[in-house]
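This is what each chain is made of:
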Amino acid sequence: MGAEFVMLSLVPILIGVLAAVACALPGNFLVLRRQALIGDAISHVVLPGIVVGFLLSGTVSSWAMMAGAAGAAVVAVLLIELIRRLGRIEPGAAMGVAFTSMFAFGVLLLEQSDTSSVHLDVQHALYGNLESLIWVEARGWGSLLDPVALAGLPPELPRIAIVAALMLVFTVVFWRPLKISTFDEGFARVLGMRTNLIGFALVIMAAVAAVAAFDAVGSIIVIAMFICPPAAARLMTNRLEHQVLWSVAFAIFSAVVGYVAAGYGPLWLGADDAVSAAGMIATVSGLVLAIAALYAPHRHRSGAPADG
Amino acid sequence: MLLEALTLQLGYNATLVAIGAALLGIAAGAAGTFLFLRKRALVSDAISHSTLPGVGLAFLVMAALGGDGRHLAGLMLGAALTAGAGLLAMHWLTRHTRLAEDAAIGAVLSVFFGFGVVLLTVIQTVSIGRPAGLADFLLGATAGMLFGDAVLIAVAGALAVLAVWTLRRPMTLVAFDAGFAAASGIDVRRVDLAMMGLVMAVTIIGLKVVGLVLIVALLIIPPVAARFWSDRSDRVLGIAGVFGGLSGFIGAAVSATAPALPTGPIIVLTAFALFTLSMLFAPGRGLLVGWLRHHRQQRRIHLRQGLLAIAQDLPIYERYTLNLLVRAGLARPDGVPTELGRLRAAKACRDESRWAIARRMHSHEATVSRYDGLRPIEMVLTEDEIREIDRQLAEAGEGCA
């Protein structure tokens, strides 16, 4: 069990956990600012980004594709702003126009170009391939100390680790401006904070998290992790500090339980194959949210009657 | 090939699919208009994504009952059931918890979709029925569609158009002013429910053609594009229907010409092209018209300021102003006014003085408060009123030099 676990499951679980945390951290602020669907939009536009990145670089080099995805996220944010300002369209509809069109463009590009030789398709983009990120060199827990084996780790792991650390640093360093501008934008401006800049930085960080997580786990987890753990955490407490901690806990719980349920659940039930880990992680995060919505201490709006 | 496709000469099935897609587009554009006016465009995203588990469950049930599990009507029924469940979950979250609608939308769409993906992998694992083609529901595919399926889509699309037509009045009223609608005896909750039902119907009909990831585009883009053309709801509704229908028809026809042209994305990109054209060139709210209007206004202001400068014998330094005056024959390039220029300048100056008087008269308060400083005074006040102003002007001894 030990050696097999380290080889087949340890790395996907770690990647899942890191991706979930990386998305949940900025997700807290997005949910509070009622921008939760930015995550949805970004994870859709990542597709044309990676396709363009692939076509320009000619390889499946992850860095080219990540650069493309990040570029696409920026283009999407600008396009949404453009449509919203120039057309005087409400933000939700502007977002709907921008991300569906860019996604459609990505699919068309993918169909038109010859990507049969590489592993790049729409299904992969939507629900990733967490299960395939195995650590071939691992021989057991001892491999964690073996530099040769460590060199064979899937490159997705260090990448998502760096991004998760970046999210943590961003959240801690900009805690005060983020918190104040989220709850009281007017007050933040009075204090001399550049609230537009903070908002834009948050969206960019969310995009970075989405792109990195997408690389490892597909866009469906990205949306689920942006929204479900922070939303559930929001129902647990009134303090932002606690909410962020709860959301990280929920994200880790969803990733671990989801992966185990997808990988081992069917075996325990007597089937021979695992089901989609990404889908299961999203499902578990939804269950967590459902339980929080039913029983969490702060689930009602403040001031609302107890029976809603 | 393209021309043949657009003129419906690509075979019976392709024609039927194109007509079905056009009807679907009309219904989607119109239903989406109500959603857009109610500022709830992205609710459709939650609905469409939550159809996936329904498709998977319906497949499993039908396959377990011994079929090949691909009966389109059955899959659509399953999709409708979970889409309804998703909609209920979303409403419950926004009503009974303190989460905002956007968080509820995102939560429902990602969780239902994730669960749907789990079901798809379960289907692959248990290997019953013939699951090939289920993934088509993600992005839509009309190639090789069965005749019966095409008929089903066309008929359902026609019914949806009919439903929009029947419900257009109460829905418009609710979309604009829910409070007023309630006061005039309309059951707002039921109309909202009908609107959501309509959106759900469009989504489910569109699953096979456009796919569940992109069907929201057909609900959102046509109304947004139509909004540039008119400020009247009935026209926006009609134009959105036309745009939706065009997108569906052109998309389906173009996609039938080559295998690497997937239907859903082509339909969406057609709609986006219509949106871009509308944003740039629509009269009323289009960017080009807005730009022209801005420049016309700028020209009028410069001309007016130039004339006032002439009237007061001030030199004109602004190049643009001088150019405008020269082009209108009001001044020579060296800045000396022509005879016509002097006349017009005197008139402009006299009108300014008249306005100054009018501003002091209470009877013109409403008119003056809306005055933009450019309109000739004869267009705003009557002859008698101007005569009265002139009398006061003479009394006060004010006026132009």
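This structure is a prediction, so every number in the text was calculated from the model and none was measured.

## Brief notes about the domain arrangement of chain B
If you check the domain split of chain B, you get domain 1 (2-279) and domain 2 (288-396). Computed over C-alpha atoms, the centres of domain 1 of chain B and domain 2 of chain B are 56 Å apart.

## Points about helix 11 (residues 215-227) of chain B
Judged by how many residues are buried, helix 11 of chain B sits mostly within the fold: 12 of 13 residues are covered. Where helix 11 of chain B is buried, its residues meet helix 4 (91-112) of chain A together with helix 2 (12-37), helix 3 (43-49), helix 10 (188-206), helix 12 (233-255) and helix 13 (263-281) of chain B.

## What about unusual backbone geometry?
All names here are of chain A. Phi is positive for arginine 34, close to 60°, though the residue is something other than glycine. Structurally, the position occupied by arginine 34 is in the loop between helix 1 (2-32) and helix 2 (37-57). In the Ramachandran plot, arginine 88 falls in the positive-phi region, its phi being about 50° despite a non-glycine side chain. Looking at where arginine 88 falls in the secondary structure, it is placed in the loop between helix 3 (62-87) and helix 4. Looking at arginine 88, the relative accessible area reads 57%, which means it is exposed.

## With respect to the confidence of the model for chain A
For chain A, mean pLDDT is 85; residues scoring 70 or higher make up 93% of the total. No element of chain A has a lower mean pLDDT than helix 5 (residues 122-127) of chain A, which averages 70, and none a higher one than helix 13 (residues 277-295) of chain A, which averages 93.

## With respect to the side chain of histidine 44 of chain A
Assignment of secondary structure puts histidine 44 of chain A in helix 2. Within the structure, the side chain of histidine 44 of chain A is placed 2.8 Å from the backbone oxygen of aspartate 40 of chain A, a separation counted as a polar contact. The residues touching histidine 44 of chain A, leaving out its near neighbours within four places in the chain, are Phe99, Phe103 and Ile223 of chain A together with His49 and Val213 of chain B.

## Some remarks on the pattern of salt bridges
If charged atoms from side chains of opposite charge come close, those side chains can pair. Counted by the stated rule, this structure contains 18 salt bridges over all chains. Glutamate 81 of chain A is the partner of arginine 84 of chain A in a salt bridge, and the nearest nitrogen-oxygen pair spans 3.2 Å. Here arginine 84 of chain A pairs with glutamate 81 of chain A, and both are found in helix 3, just 3 residues apart, close to one helical turn. Under the relative-accessibility criterion, arginine 84 of chain A is labelled partly exposed at 30%. Between arginine 304 of chain B and glutamate 352 of chain B there is a salt bridge, with its nearest N and O atoms 2.9 Å apart. Taken together, the residues span a long stretch of sequence, with arginine 304 of chain B in helix 14 (residues 287-311) and glutamate 352 of chain B in helix 16 (residues 339-360) at a distance of 48 residues. Taken together, the shared-partner salt bridges in this structure form one network comprising Lys347, Asp351, Arg354 and Asp390 of chain B.

## Notes on the packing of helix 5 (residues 72-96) of chain B against helix 8 (residues 147-176) of chain B
Describing two packed helices takes the angle between their axes plus the distance from one axis to the other. Residue and element names in this part refer to chain B. Between helix 5 and helix 8, the least distance of the axes is 10 Å, while the angle of their chain directions is 45°. The pairing of helix 5 with helix 8 is recorded here as oblique in orientation. Residues Leu72, Ala73 and Met76 of helix 5 form the contact with helix 8, whose own contacting residues are Asp149, Leu152 and Ile153. A per-class count over the contact of helix 5 with helix 8 returns 5 nonpolar, no polar and 1 charged.

## Remarks on the packing of helix 1 of chain A against helix 10 (residues 195-217) of chain A
Residues and elements named next belong to chain A. Where helix 1 meets helix 10, the axes come as close as 9 Å, and the angle between the chain directions of the two elements is 160°. One finds that helix 1 runs roughly antiparallel with respect to helix 10. Seen from above, helix 1 lies across helix 10 with left-handed handedness. From helix 1, Ile15, Ala19, Ala22, Cys23, Pro26, Phe29 and Leu30 reach across to helix 10, where they touch Leu202, Ala206, Ala209, Ala213, Ala216 and Val217. Classifying every residue of the contact of helix 1 with helix 10 by side-chain character gives 13 nonpolar, no polar and no charged.

Rules of the game
Residues numbered from 1 in each chain as written. Chains lettered and ligands numbered in written order. Predicted model: local features only at pLDDT ≥ 70, side-chain atom pairs only at ≥ 80, totals over all residues. Heavy atoms only, no water. Domains from an automatic or database assignment. Buried < 20%, exposed > 50% of the residue type's maximum accessible area, 1.4 Å probe, protein only. Helix = DSSP H or I, 4+ residues; strand = E, 2+ residues; numbered from the N terminus. Contact = heavy atoms within 4.5 Å. pLDDT = per-residue confidence, 0-100. Polar contact = N/O pair within 3.5 Å; in protein donor to acceptor, adjacent residues only side chain to side chain. Salt bridge = Lys/Arg side-chain N within 4 Å of Asp/Glu carboxyl O. Axes fitted to C-alpha atoms, helices over the stretch in contact; angles between N-to-C directions. Parallel < 35°, antiparallel > 145°, perpendicular 65-115°, else oblique. Nonpolar A, V, L, I, M, F, W, Y, C, P; charged D, E, K, R; others polar. Left-handed = near helix turned anticlockwise from the far one by under 90°.

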